[in-house]
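A closer look at the structure
So the chains spell out like this:
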Amino acid sequence: MSSSPDLVHPAGDDSLPTRTFGPPVGVVLGTLGAGFVFAVVLEFLVIISFVGQRLWRDPALMHDIVFTLPLLLWVLVAAATAVVCLRILTAWLQIDAHGFVLRSLARRTRAARWDEVGRVIAVRDIDRGASAAELLEASETTYDGVYVMDREGRRMLAVSSRFFGPRAQEMALQRAREAGVRIDHVDVITAADLRSQAPQAMSVVDRHPNLLLLLLAVFYTAHNVLTFAVWGL
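The sections below set out a description of the structure shown in this document.

Thresholds applied
Residues numbered from 1 in each chain as written. Predicted model: local features only at pLDDT ≥ 70, side-chain atom pairs only at ≥ 80, totals over all residues. Heavy atoms only, no water. Pairing = 2+ DSSP bridges. Helix = DSSP H or I, 4+ residues; strand = E, 2+ residues; numbered from the N terminus. Axes fitted to C-alpha atoms, helices over the stretch in contact; angles between N-to-C directions. Contact = heavy atoms within 4.5 Å. Phe/Tyr/Trp six-rings, centres within 6.5 Å; stacked < 30°, edge-to-face > 60°. Buried < 20%, exposed > 50% of the residue type's maximum accessible area, 1.4 Å probe, protein only. Lys NZ or Arg CZ within 6 Å of the ring centre and 35° of its normal.

Turning next to the sheet that holds strand E4 (residues 110-113). Sheet architecture is open: four strands sit in the order E1-E2-E3-E4, paired in antiparallel fashion. Looking along the sheet, the strands with just one partner apiece sit at the ends: strand E1 (19-21) and E4. Averaged over all pairs of adjacent strands, the angle between strand axes in this sheet comes to 10°, irrespective of strand direction. In this fold helix H5 (residues 166-178) packs onto E1 and strand E2 (92-95), with an angle of close to 140° to the strand it touches most, E1.

This is the structure we're talking about:
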C-alpha cells in the first residue's frame, strides 16, 4: 500500500495532531548488541581465520567457489544483519485521527486511513508456551500485541509495546475507537488459537520463534564447521 503525504495530519488541519513513535533506548541498544553478536561474535572463527591467515592474498580467493564460500556467507550475514538493524532503528510510526503511517529504511512504507481498517485485535497476553519470546516480558499495563487488520483479514500494522512503547498502543486504540473501528479485546490466548482466529495477524517469526532460533543455530554451526574444514586454523 503506497503512502500519501496528506494521509496523516493533512495540511491546514491543526486540530488533529500527529503523534510519532520510534524505538525506545532499550530497543536501540538491544538491536545494536544483537547485530554485533550475529555479525561478529558468532562469526568470530570466520573473521579470525580470514584475518589471521591473510587470506585476501590467497590466489584461490574469488576464484575457487568452495574456498571463497565462508567469506561469501559472512558477507551475506553482515548484509542481512545491517538490513534488519536499519529496519528496526529507523522505524517511525505516525498516528492521528485520519490514519497511520509506518516508515523505516529497508522497509516498504505502510499507510492507511482508519476507514480502510476492518478491525483491531488487542491481545493482552499471548501464551507461547516455553519459548524464547517469553524472555522478553512486557509490562502488565501493555498489550502483547495490537494488530490492525484490513477488511479481508490481512494484517496492516502490528503495534508492539516492545518496539514502540505502550503509549503507541494506547494511541492506536484511541484513534481506532474514535473512528468507529471494531476493537476485539483479548485477555489471554494461545498463539495457536490466535492463528486460527486471525491467521495473518502474527508474522512468521512470531508464530515460530523457536524454529527460527534452531535454524540460526544450525546455520552458524554449519558455517563455522565449513570454515574450519576449508580454511583450517
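Further remarks concern the packing of aromatic side chains. Where two aromatic rings form a pair, the distance of their centres and the angle of their planes describe that pair. Within the structure shown, the criterion is met by six aromatic pairs. Judged by centre distance (6.2 Å) and plane angle (55°), the ring pair of Phe 67 and Trp 231 falls under tilted. Taken as a pair, Phe 67 in helix H3 (residues 65-89) and Trp 231 in helix H8 (residues 209-231) lie far apart in primary sequence, 164 residues in all. Here Phe 67 matches Trp 231 in class, with each residue buried. An aromatic cluster of at least three residues, connected via ring pairs, comprises Phe 50, Trp 56, Phe 67 and Trp 231. Positioned above the aromatic ring of Tyr 143, the side-chain terminus of Arg 124 is 4.1 Å from the ring centre.

Distances and angles like these do not, on their own, reveal function.
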